[in-house]
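Structural description and commentary
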Amino acid sequence: NAGVTQTPKFRILKIGQSMTLQCAQDMNHNYMYWYRQDPGMGLKLIYYSVGAGITDKGEVPNGYNVSRSTTEDFPLRLELAAPSQTSVYFCASSYLGVETQYFGPGTRLLVL
Amino acid sequence: AQSVSQHNHHVILSEAASLELGCNYSYGGTVNLFWYVQYPGQHLQLLLKYFSGDPLVKGIKGFEAEFIKSKFSFNLRKPSVQWSDTAEYFCAIRGGSQGNLIFGKGTKLSVKP
């Protein structure tokens, strides 16, 4: 049981490039979340999903897209990378919305 | 709107000192409360949580927190800290049905050996 896994661990992007941050969980959780963590700012919710095929915006969705075609996977897409997207991105999952969230190890992204 | 305030940005303690980290929240309804810890270079781990019942909750590694509804507070405590407790601590609340967590900005704890 690997829990929540994220790839890559670290990535450097040039302005305007695109990339997909991968997130997978093997706990059969329905709910999945993407957060970004900026120094001194805590974590802010980007997008979340309550099940396959269902996604919704969080607090800071601009510049990102998500999809949820399976229960296990919840990729986060950056279409046109900007320096403001330099951050650490955490994926999390929970069985139901009222249950504890389990976090992945994070992806550190640097946009130059 | 929901919000979480952690008043201490950085706390420095010597080993064996007692710890109390403040957390206040703003939300008008029933709320679930969490403390997460992030050790250097690692992901967030759940320390403890409060959903209902006894307002004094015990978590892992000797941590505990007390929910005081009248003060909208959920302070984290530990009687005697260790060097290995050096980490960043995040208070979070959940007040909606979708499970979204609202995080505070975090408190860095540095424990001197």
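Residues numbered from 1 in each chain as written. Chains lettered and ligands numbered in written order. Predicted model: local features only at pLDDT ≥ 70, side-chain atom pairs only at ≥ 80, totals over all residues. Heavy atoms only, no water.

1. Some remarks on the interface of chain A and chain B
Between chain A and chain B, the residue contacts involve 20 residues of the former and 17 residues of the latter. Note on chain A versus chain B: buried area summed over both sides is about 1600 Å², and carbon and sulfur give 53% of it. By the criterion of area lost to chain B, the three top residues of chain A are Leu43, Thr100 and Phe103 of chain A, representing 29% of everything that side buries. Taken together, chain A and chain B are joined by 0 salt bridges. For the side of chain A that touches chain B, the elements supplying multiple residues, two or more each, are β4 (31-38) and β5 (42-51) of chain A. The dominant element in the side of chain A that touches chain B, judged by the number of residues it contributes, is β5 of chain A, at 5 residues. (Contact = heavy atoms within 4.5 Å. Buried area = accessible area lost by both parts, 1.4 Å probe. Salt bridge = Lys/Arg side-chain N within 4 Å of Asp/Glu carboxyl O. Helix = DSSP H or I, 4+ residues; strand = E, 2+ residues; numbered from the N terminus.)

2. Considering the nonpolar core
In terms of nonpolar packing, the biggest core is built from 28 residues, with Leu33, Trp35, Leu47, Leu48, Phe74, Leu76 and Tyr89 of chain B touching the most fellow members. Put simply, the parts of the chain that give this core at least two residues each are β2 (10-14), β3 (19-21), β5 (32-38), β6 (45-50), β8 (64-68), β9 (73-78), β10 (87-94) and β12 (107-112) of chain B. It is β10 of chain B that contributes the most residues to this core, 4 residues altogether. Membership of the second largest hydrophobic core comes to 19 residues, among which are Leu21, Met32, Phe74 and Leu78 of chain A. (Core = buried A, V, L, I, M, F, W, Y, C linked by side-chain atoms within 4.5 Å. Buried < 20%, exposed > 50% of the residue type's maximum accessible area, 1.4 Å probe, protein only.)

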